[in-house]
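# Examination of the molecular architecture
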Amino acid sequence: MASQGGSNGLVTIFGGPGFVGRHAVRALAQNGYRIRAASRRPDLAGHLQPMGDVGQIQPVQANLRFPDSVSRAIEGVDAVVNAVGILAPSGAQTFKAVHVDGARAVAKAAKAAGVRRFVHVSAIGASASSRAHYAATKAAGEAAVLEEFPEAVILRPSIVFGPEDEFFNRFASLAQVSPVLPLIGGGRTRFQPIYVGDLAAAIAAVVNGAGTPGTIYELGGPEVLTFRELMERTLAYADRRSKLVSLPFWLAKLQALATWPLPNSLRPLTVDQVRLLQSDNVVSEAALKEGRTLAALGVNAPDAVGSVVPGYLERFRPKGQYWRYRG
């Protein structure tokens, strides 16, 4: 069984092809689990299969808005990981549909199927009182999960970085074309970035039996950095010279409103993301005091931003990714 280690255990990972999901797939495959990578478009999940042995990783179709598909994806498994989340709504994929109703559907199906371990990936900052819809629905999703599956383990990471992230890559891309990068709210908001590989290791540890059932863990990396410091590092790693200009929160919201008609992929920030920047995104004192952190899940030496990010931002340099190797 999954709680006894990876040998022959079967795990369904919702959001398997996504940013966090693909790293969780790799970590669990390395632990010997057989994996169902559930997504709306399993035909686009072929990149996952080389992460394991032949037949070890199977993409399956599931849509959190359709409970029957969720139940089919969970049938007969030992553990379930819900790594589905969105940064901005698009069409039927609203915050409520994905973060709340979708999370409830997965937890309910997991409990009905007799699943032994359930891991739900949320986010630091989740709060029912937050004015940011992202954070409020993340909190509502946690409550729904614990209502349906009280033994679930909930992981709240800070901002997650890695080769496919939507933070460092987005701002480095913006620096390629813009002489100015905005420091929202003066760049004072604090973050505790966590490497996606360390988050995946924590997920695998919980599937293996680590963590206290019914507990919320807050996961951050080894450094606390301000938004300004993150932007300075982005420019340094990408060798770009964009000027950092302070932008009050109210003006940032107006600019976000002006870009509302654009696709999410082309918008620097949404109004909701500006609201998120009004609160620090670090592991709380309560979590530290109570031992609800990354170390409690066996990840004792997490990677720092400087040991990972320069490698994948090198492609944004003016002379190209392989400039240092040219004669």
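Below, the structure is looked at part by part. (Residues numbered from 1 in each chain as written. Predicted model: local features only at pLDDT ≥ 70, side-chain atom pairs only at ≥ 80, totals over all residues. Heavy atoms only, no water.)

### Comments concerning the packing of helix α5 (residues 168-177) against helix α11 (residues 305-313)
Direction vectors running N to C along α5 and α11 enclose 45°, while the axes themselves pass 11 Å from each other. Taken together, the axes of α5 and α11 lie oblique to each other. As for how α5 packs across α11, the hand of that crossing is right-handed. Between α5, through F168, N169 and A172, and α11, the contact on the second element is made entirely by V305, V309, Y312 and L313. Taken together, the residues of the contact of α5 with α11 break down into six nonpolar, one polar and no charged. (Axes fitted to C-alpha atoms, helices over the stretch in contact; angles between N-to-C directions. Helix = DSSP H or I, 4+ residues; strand = E, 2+ residues; numbered from the N terminus. Parallel < 35°, antiparallel > 145°, perpendicular 65-115°, else oblique. Left-handed = near helix turned anticlockwise from the far one by under 90°. Contact = heavy atoms within 4.5 Å. Nonpolar A, V, L, I, M, F, W, Y, C, P; charged D, E, K, R; others polar.)

### Brief notes about helix α7 (residues 227-238)
The end-to-end C-alpha distance of α7 is 17 Å, a good match for the 16 Å that 12 residues give at a rise of 1.5 Å each. Taken residue by residue, α7 has F227, L230, M231, T234, L235, Y237 and A238 as its buried positions. For α7, the arc enclosing every buried residue in end-on projection is 170°, short of the 170-degree limit, so these residues lie on one face. Buried positions along α7 lie against α5, β8 (180-184), β9 (190-191), β12 (225-226), β13 (243-247) and α11. Looking one or two places after α7, you find D239, whose phi comes out positive at around 55°. (Expected span 1.5 Å × (residues − 1). Buried < 20%, exposed > 50% of the residue type's maximum accessible area, 1.4 Å probe, protein only. Arc of directions from axis to C-beta.)

### Here's the deal with helix α8 (residues 249-258)
Of all the residues in α8, the buried ones are A252, K253 and A256. The buried residues of α8 occupy an angular sector of 100° when the element is viewed end-on, so they sit on one face. Opposite the buried face of α8, by more than 90 degrees, sit the exposed residues W250, L257 and A258. Packed against the buried residues of α8 are β8, β13 and α9 (271-276).

### Regarding the side chain of H120
Inspection of the secondary structure assignment puts H120 in strand β5 (residues 117-121). Looking at H120, the relative accessible area reads 3%, which means it is buried. At a separation of 3.1 Å, a polar atom in the side chain of H120 contacts the side chain of N82. Discounting residues that sit within four places of it in the chain, H120 has contacts with N82, A103, G141, E142, V145, V153, I154 and L155. (Polar contact = N/O pair within 3.5 Å; in protein donor to acceptor, adjacent residues only side chain to side chain.)

### A look at the side chain of T189
Following the sequence through the fold, T189 ends up in the loop between β8 and β9. Of the residues examined, T189 reaches a relative accessible area of 7% and is grouped as buried. From its side chain, T189 meets the backbone oxygen of L277 in a polar contact 2.4 Å long. Beyond its immediate chain neighbours, meaning those up to four positions away, T189 contacts L225, T226, F227, F249, L277, S279 and D280.

### Remarks on the sheet that holds strand β2 (residues 34-39)
Taking strand neighbours across the sheet as the criterion, the seven strands line up as β3-β2-β1-β4-β5-β6-β11 in an open arrangement whose pairing is parallel. Among the strands making up the open sheet, the edge pair consists of β3 (57-61) and β11 (216-219). The sheet shows a mean angle of 20° between the axes of neighbouring strands, taken without regard to direction. With five bridges joining them, strand β1 (residues 10-14) and β2 adopt parallel strand pairing. Opposite F14, over in β2, you have A38 as the bridge partner. (Pairing = 2+ DSSP bridges.)

### Quick notes on the packing of α7 against α11
For the pair α7 and α11, the least separation of the axes is 9 Å and the interaxial angle reads 50°. Classified by the angle their axes make, α7 and α11 are oblique. Of the two possible hands of crossing, α7 and α11 adopt the one that is right-handed. Along the contact surface, α7 presents R233, T234, Y237 and A238, while α11 presents V305, G306, V309, P310 and L313. Counted by class, the contact of α7 with α11 contains six nonpolar, two polar and one charged residues.

### A short note on the pattern of salt bridges
Think of it this way: side chains of opposite charge can pair up when their charged atoms draw near. What the rule picks out here adds up to 14 salt bridges. In this structure, R104 and E147 form a salt bridge, with 3.6 Å as the shortest nitrogen-oxygen distance. In this pair, R104 sits in helix α3 (residues 95-112) while E147 sits in helix α4 (residues 133-148), placing the two residues 43 residues apart along the sequence. Its relative accessible area of 55% is what places E147 among the exposed residues. Shared partners join several salt bridges into a network, and the residues in it are R104, E147 and E148. (Salt bridge = Lys/Arg side-chain N within 4 Å of Asp/Glu carboxyl O.)

Limitation: the analysis is restricted to geometry and does not speak to function.
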